[in-house]
Amino acid sequence: MDRSRRALVVGAGIAGLATALRLHQVGWDVLVVERAPARRSSGYLVNLLGQGYDAAERLGVLPAVAAKDLGLFSSILVKADGRKKFTFPAALAHAALGGRALTVFRGDLESALYEAVHEVVEIRFGTTVRAVTQDTDHVRITLSDGTSEHVALLVGADGLHSGVREIVFGSETEFRVDLRHVVGAFPLDEVPQDVPEGASATFIGPGRTAAVINLGPGRSSAFFTYRTDEPAAELTRGPARALTAAFGDLGGGVPDALRQLAADPAGAYFDSVSQIVTDRWSQGRVVLLGDAAWCVTLFAGYGAALALAGADQLGAALEESGHDVPTALARWESLLRPEIRKRQALARKGTSQFAPPTKAHAWARDLAIRATLLPGIRTLVARSIQRAQQNARSGKPR
């Protein structure tokens, strides 16, 4: 085994699987370890556009992902009792985003990556990293299954609560920035009631947002977020109790979504909204990627795309730098960090969009959305988004 081209990737989510696939493509021998005992997937929606779409294409998974595309759908803004305020049509979103954009369930994206990579790299489930030491040439990793690995590169792609980051970089409390919000997202086994097919019904009120999406059987989901000064206490209550307490007064499709959640709370993604902010993403031959490194949060709407783009660009940097891993990691970070800073800043601003502080802010939010429906504003928005996507692909600043 050529240890100078051997890598260990920790985490079998989107970031980890994409990294393993990209490293394999540029000639590395890769082992993936995952703490979960088996594959798992979350049912919330992710968007692939810009760099993420381009990365999926280069990784070779775009056809499989495109086959699971949910398409664009109309957004109906509703009052607390579920009555319609106005509709943001799918055609407007299509005009703005163009053809190079996909909306899929996170689990479908993970499955596409898994199918592309599991026969060419080894994946060990139920395995974690216990200890890490390194010198100038190699990293030695002790694993929970009693084995050890000598590799040229260790990639921590193990999410917001990264074990690799804890061991190599320091405690999570040093890097996690709590945005004082909680988010819950989950698939709906039954088509949601009181929401037209091909649409989402979204309530935006002071301190909270609820969205129930009806895309037909096996394609529907719900998303909730709300502001809280004690996220840890909310997480302790669990998704069903916490979300019912926060949204149980709403009408429309919300009661049905909460009923389905209560029947299967284990299927929900439920966590505090936090970002990871670090001065650097690598130390020697150890590098963090995806949520372990930056976690832009769901408020940025770009997490999956950045995970794919980060993996794609890491592979390119390693291919160009040959055996000089530290130089490759430094170059990779310098190219990617400006985009991450921008997305994190947008997510922090986005808290007021998803959870307006007051009724006045919620009313202003409605006005802003209504304004985009005006023909002149609609054209400007579409051109602005298209220009931003073109710049993202070319690497120009925006």
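Above this text sits the structure in question.
Residues numbered from 1 in each chain as written. Predicted model: local features only at pLDDT ≥ 70, side-chain atom pairs only at ≥ 80, totals over all residues. Heavy atoms only, no water.

A.B. asks: Would you mind showing me how to read the overall build of the protein here?
C.D. replies: The helix and strand inventory of the protein stands at 13 helices and 18 strands. Taking all 398 residues of the protein together, the buried fraction comes to 53%. Within the protein, contacts between residues at least 6 apart in sequence are counted, and of these 71% link residues at least 24 apart. For the protein, the accessible area works out to roughly 17,100 Å², and carbon and sulfur atoms hold 52% of it. (Helix = DSSP H or I, 4+ residues; strand = E, 2+ residues; numbered from the N terminus. Buried < 20%, exposed > 50% of the residue type's maximum accessible area, 1.4 Å probe, protein only. Contact = heavy atoms within 4.5 Å. Areas by Shrake-Rupley, 256 points an atom, 1.4 Å probe, with all protein chains shown as cover.)

A.B. asks: What is the right way to look at the sheet that holds strand β11 (residues 153–156) in this model?
C.D. replies: Adjacent strands of a sheet form backbone hydrogen bonds with each other and so pair up, either parallel or antiparallel. Taken in spatial order, the six strands line up as β7-β2-β1-β11-β18-β17 in an open sheet, and their pairing is mixed. A single partner strand is all that each edge strand has here, and the edge strands are β7 (122–125) and β17 (282–283). Pairing of β11 with strand β18 (residues 286–288), which is carried by three bridges, proceeds in the parallel orientation. The residue of β18 that forms the bridge with L154 is V286. In this fold helix α11 (residues 325–354) packs onto β11, β17 and β18, with an angle of close to 20° to the strand it touches most, β18. (Pairing = 2+ DSSP bridges. Axes fitted to C-alpha atoms, helices over the stretch in contact; angles between N-to-C directions.)

A.B. asks: Which parts of the structure should I look at to understand the environment of T133?
C.D. replies: With respect to the secondary-structure elements, T133 resides in strand β8 (residues 129–134). Taking the C-alpha atoms as reference points, T133 and V168, 35 residues apart in sequence, are found 8.6 Å from one another. Every residue in contact with T133, bar those within four places of it in the chain, is listed here: H138, V139 and R140.

A.B. asks: I tried to follow the side chain of D271 on my own but got confused; where do I start?
C.D. replies: Turning to its location among the elements, D271 is positioned in strand β16 (residues 269–276). It turns out D271 is buried and unbridged, and the closest side chain with the opposite charge, R176, is 7.2 Å from it. Not counting the four nearest positions on each side in its chain, D271 is found in contact with L160, H161, H181, V182, V183 and L235. (Lys, Arg positive; Asp, Glu negative; His and termini not counted. Salt bridge = Lys/Arg side-chain N within 4 Å of Asp/Glu carboxyl O.)

A.B. asks: Sorry if this is basic, but what is going on with α11 here?
C.D. replies: Side chains that are three or four residues apart share a direction in an α-helix, a result of its 3.6 residues per turn. The end-to-end C-alpha distance of α11, which contains 30 residues, comes to 40 Å, matching closely the 44 Å that a straight helix rising 1.5 Å per residue would cover. Residue L336 marks the point of greatest curvature in α11, where the axis turns by about 40°; the proline P338 follows within four residues. (Expected span 1.5 Å × (residues − 1). Bend = angle between axes of the 7 residues up to and from the residue.)

A.B. asks: How do you make sense of the pattern of salt bridges when you look at a structure like this?
C.D. replies: Pairs can form between side chains of opposite charge whenever their charged atoms are close. Here the structure, examined in full by the defined rule, presents 22 salt bridges. For the salt bridge of R6 with E149, the shortest nitrogen-to-oxygen distance reads 3.0 Å. With R6 in strand β1 (residues 6–10) and E149 in strand β10 (residues 148–151), this pair connects stretches of sequence that are 143 residues apart. Taken as a pair, R6 and E149 share a single burial class, namely buried. Of the charged contacts, one joins R237 and E234 as a salt bridge, the two residues approaching to 3.5 Å between their closest N and O atoms. Here the residue R237 and the residue E234 both occupy positions in helix α7 (residues 231–237), the gap between them amounting to three residues, near one helical turn.

A.B. asks: Is there a simple way to think about unusual backbone geometry in this case?
C.D. replies: If a residue is not glycine, its phi is most likely negative; likewise, a peptide bond is most likely trans. Backbone geometry at R180 places phi at a positive 60°, although glycine is not the residue there. Mapped onto the elements, R180 comes out in strand β12 (residues 176–188). Unlike most non-glycine residues, D194 shows phi in positive territory, near 65°. Of note, D194 is situated in the loop between β12 and β13 (199–205). Residue class for D194 comes out exposed when judged on its relative accessible area of 62%.

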